[in-house]
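Examination of the molecular architecture
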Amino acid sequence: MRLSRLFTKTSKSAPADAETANAKYLIQGGFVHQEMAGVYSWLPLGLRVLHKVENIIREEMDKLGAQEIRMSALQPKESWEITGRWNSMDVLFKVPSQTNKEYALGPTHEEIVTPLVGLFIHSYKDLPVAVYQIQSKFRDELRAKSGVMRGREFGMKDLYSFHATQGDLENFYGKVMDVYIKLFHRCGIDTKVVEASGGPFTKKLSHEFQVVSDAGEDVIVICPKCEVAQNSEMFDPGAVKKNCPTCGSAYEYKKGIEIGNIFDLGSKFADAFKVQLMDEAGERQTILMGCYGIGTTRLVGSIVEVSHDERGIIWPKSVAPYAVHLVTLKSKDAEIQDRIDEESEDLYDTLIKEGVEVLWDDRDASPGEKLADADLIGCPLRILISEKTLKEDSVEWKFRGEKEMRLVNLRDVIEESRSI
Ligand code: ATP
Ligand code: MG
């Protein structure tokens, strides 16, 4: 992609209310546009990152044997009345229709997925089943903040599993836990697995996946030795624990961003929708469910929070909008300029042929502006061509996360680019 053709532009300053790095850099770099508090449009650069994150998740879900579907965002009020959540869920958006009906705008999908999967499950032989989707969710959040961390419209991957026995559910739950750690890692993120209270489904298994970051809203309690973590919300405030009961080490209290949450739902939803199966003995039996969420847009924001400096974002290669940011600096000498143009064009075309994703800053802009934008946008490798580098028949080669730069001979660029 040529920067001269990208319809979005970077801006020199961040919005006044941008308190966090993700709000600042994602807006300044033209990754997202805030339509109103908690609602964002995803622009070409941002959407490339979001798609990469979604595809990593998709790959891991498919490997797990889960089947991708897409459920409706507009949902029948009746289903929400059946579970009692039409009145009890404070963040539920209720949409009136001109036909005097009302609908729910999906904040989550148990009310849809349970009767849907129930339609196709009759016998224990039909289980286990796991389905997932990657979709926009809507929640009337009171605390929607600048940045993509807490939106009123946001992206989520939600996976639901259906089982005949508790053992089977727990086995699958454990696999999801491992897959989550792995896929967050693939996105460049280290997570702490935190035991959660399970919210309304107390005593059931529930875990949160937390990213340690000052931009987080949660406080997590970590034992530095056992690596065990808990959400401090669960602690009775009067009895704040200071030491790990297992090894005696002093607890560390850190802020965390919840990027994933998994639950054993038991038979709560299957009972509400009377979804049952025939067991081996031909008896009617309850179905057990697990649900497993990842905030996809929050995950993009979290990557920015843990991977940036004072100049902009430092994308991990796996989710970067482009692998290479090619910068061409202008020369006052017309003949040299011709050579710069020729070499840049050649390099751009060859890299693309090699399957390397390149963002080429071919604009008529100052060197300062170009270098600042390369740092702000944060592609992993910057390749720079200028009068100076061409004197050595070379390009300047610099990784976004490193200070050092070096010259690479034009002859060797393709070979070197294979190892990016
Ligand atoms: P939180 O405690 O942050 O409000 P939650 O526990 O209500 O989140 P879940 O219902 O567990 O959220 O949703 C699954 C995942 O979706 C969360 O782990 C989080 O990553 C993401 N998520 C939830 N609410 C939002 C939101 N308003 N904006 C962006 N992402 C969200
Ligand atoms: Mg949660």
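About the thresholds
Residues numbered from 1 in each chain as written. Chains lettered and ligands numbered in written order. Predicted model: local features only at pLDDT ≥ 70, side-chain atom pairs only at ≥ 80, totals over all residues. Heavy atoms only, no water. Near = heavy atom within 4 Å. Polar contact = N/O pair within 3.5 Å; in protein donor to acceptor, adjacent residues only side chain to side chain. Areas by Shrake-Rupley, 256 points an atom, 1.4 Å probe, with all protein chains shown as cover. Helix = DSSP H or I, 4+ residues; strand = E, 2+ residues; numbered from the N terminus. Contact = heavy atoms within 4.5 Å. Axes fitted to C-alpha atoms, helices over the stretch in contact; angles between N-to-C directions. Parallel < 35°, antiparallel > 145°, perpendicular 65-115°, else oblique. Left-handed = near helix turned anticlockwise from the far one by under 90°. Donors = N, O, S within 2.8 Å, 3.2 Å for Na, K, Ca; no water. Buried < 20%, exposed > 50% of the residue type's maximum accessible area, 1.4 Å probe, protein only. Domains from an automatic or database assignment. Buried area = accessible area lost by both parts, 1.4 Å probe. Salt bridge = Lys/Arg side-chain N within 4 Å of Asp/Glu carboxyl O. Patch = residues over 30% accessible without salt bridge, like charges linked within 9 Å, V, L, I, M, F, W, Y side chains within 5 Å. Lys, Arg positive; Asp, Glu negative; His and termini not counted. Charge placed at Lys NZ, Arg CZ, Asp CG, Glu CD. Pairing = 2+ DSSP bridges.

1. Considering the site of ligand 1
Neighbouring residues of ligand 1: 13 residues in total, closest Arg-139, Glu-141, Arg-150, Gly-151 and Glu-258. Between ligand 1 and Arg-150 there is a distance of 2.8 Å, counted from an oxygen atom to a side-chain nitrogen or oxygen. One nitrogen or oxygen atom from the main chain of Gly-295 is found 3.3 Å from an oxygen atom belonging to ligand 1. Protein contact buries 82% of the 580 Å² of open area that ligand 1 shows by itself. When contributions to the shell around ligand 1 are tallied by element, the ones reaching two or more residues are strand 8 (153-163) and strand 13 (252-266). Looking at the shell around ligand 1 element by element, the count peaks at four residues for strand 13.

2. Details of the environment of Pro-115
Looking at where Pro-115 falls in the secondary structure, it is placed in helix 5 (residues 110-118). For the pair Pro-115 and Ala-365, spaced 250 residues apart in sequence, the C-alpha to C-alpha distance is 57 Å. Discounting residues that sit within four places of it in the chain, Pro-115 has contacts with Glu-110 and Phe-273.

3. Thoughts on the packing of helix 2 (residues 44-63) against helix 8 (residues 296-306)
Relative orientation of the contacting elements helix 2 and helix 8 amounts to 115°, with a least axis distance of 10 Å. What the angle tells us is that helix 2 and helix 8 run roughly perpendicular. The way helix 2 lies across helix 8 gives a crossing that is right-handed. For the pair formed by helix 2 and helix 8, the contact residues are Val-49, Leu-50, Val-53, Glu-54 and Ile-57 on the first element and Thr-296, Thr-297, Leu-299, Val-300 and Ile-303 on the second.

4. Some details on the coordination of the magnesium ion (ligand 2)
The coordination sphere of the magnesium ion (ligand 2) contains the protein donors Glu-258 (OE) and Asn-261 (OD1), at a distance range of 2.1 to 2.3 Å. You can call Glu-258 partly exposed: its relative accessible area is 23%. Residue classification places Asn-261 among the buried positions, given a relative accessible area of 14%.

5. Quick look at the side chain of Arg-363
With respect to the helices and strands, the residue Arg-363 is situated in the loop between strand 20 (358-361) and helix 10 (367-377). Of note is the side chain of Arg-363, whose polar atom sits 2.9 Å from the side chain of Asp-361. Residues contacting Arg-363, with those up to four places away along its chain left out, are Leu-3, Ser-4, Lys-330, Glu-369, Lys-370 and Asp-373.

6. Considerations on the domain arrangement of the chain
According to the domain assignment, the chain contains domain 1 (3-309) and domain 2 (324-417). Taken together, the contact between domain 1 and domain 2 spans twelve residues of the former and eleven residues of the latter. The three residues of domain 1 that bury the most area against domain 2 are Leu-3, Ser-4 and Thr-10, which together make up 50% of that side's buried surface. Lys-52 is the salt-bridge partner of Glu-357, the closest N and O atoms lying 2.5 Å from each other. The tally of links from domain 1 across to domain 2 stands at six residue pairs in polar contact (both at pLDDT 80 or more). Those elements that place two or more of their residues in the side of domain 1 that touches domain 2 are helix 1 (21-28) and helix 2.

7. Quick notes on a negative patch on the surface
Negative charge collects at one region of the surface, where Asp-333, Glu-335, Asp-338, Asp-341, Glu-342, Asp-346 and Asp-349 lie side by side. Take Asp-341: it is sitting in helix 9 (residues 334-353).

8. Details of the sheet that holds strand 21 (residues 381-385)
The strand order across the open sheet formed by five strands is 20-19-21-22-23, and the pairing between neighbours is mixed. Each edge of the open sheet carries a strand with a single partner, namely strand 20 and strand 23 (405-409). Taking each pair of neighbouring strands and ignoring which way they run, the sheet shows an average axis angle of 25°.

9. Examining the pattern of salt bridges
Counting across every chain of the model gives 33 salt bridges. Notably, a salt bridge pairs Arg-311 with Asp-309, separated by 3.5 Å at the nearest N-O pair. With a relative accessible area of 19%, Asp-309 lands in the buried category. The shortest N-O distance in the salt bridge between Arg-311 and Glu-310 comes to 3.2 Å. In this structure, a network of salt bridges that share partners links the residues Glu-59, Glu-60, Lys-63, Lys-182 and Arg-186.

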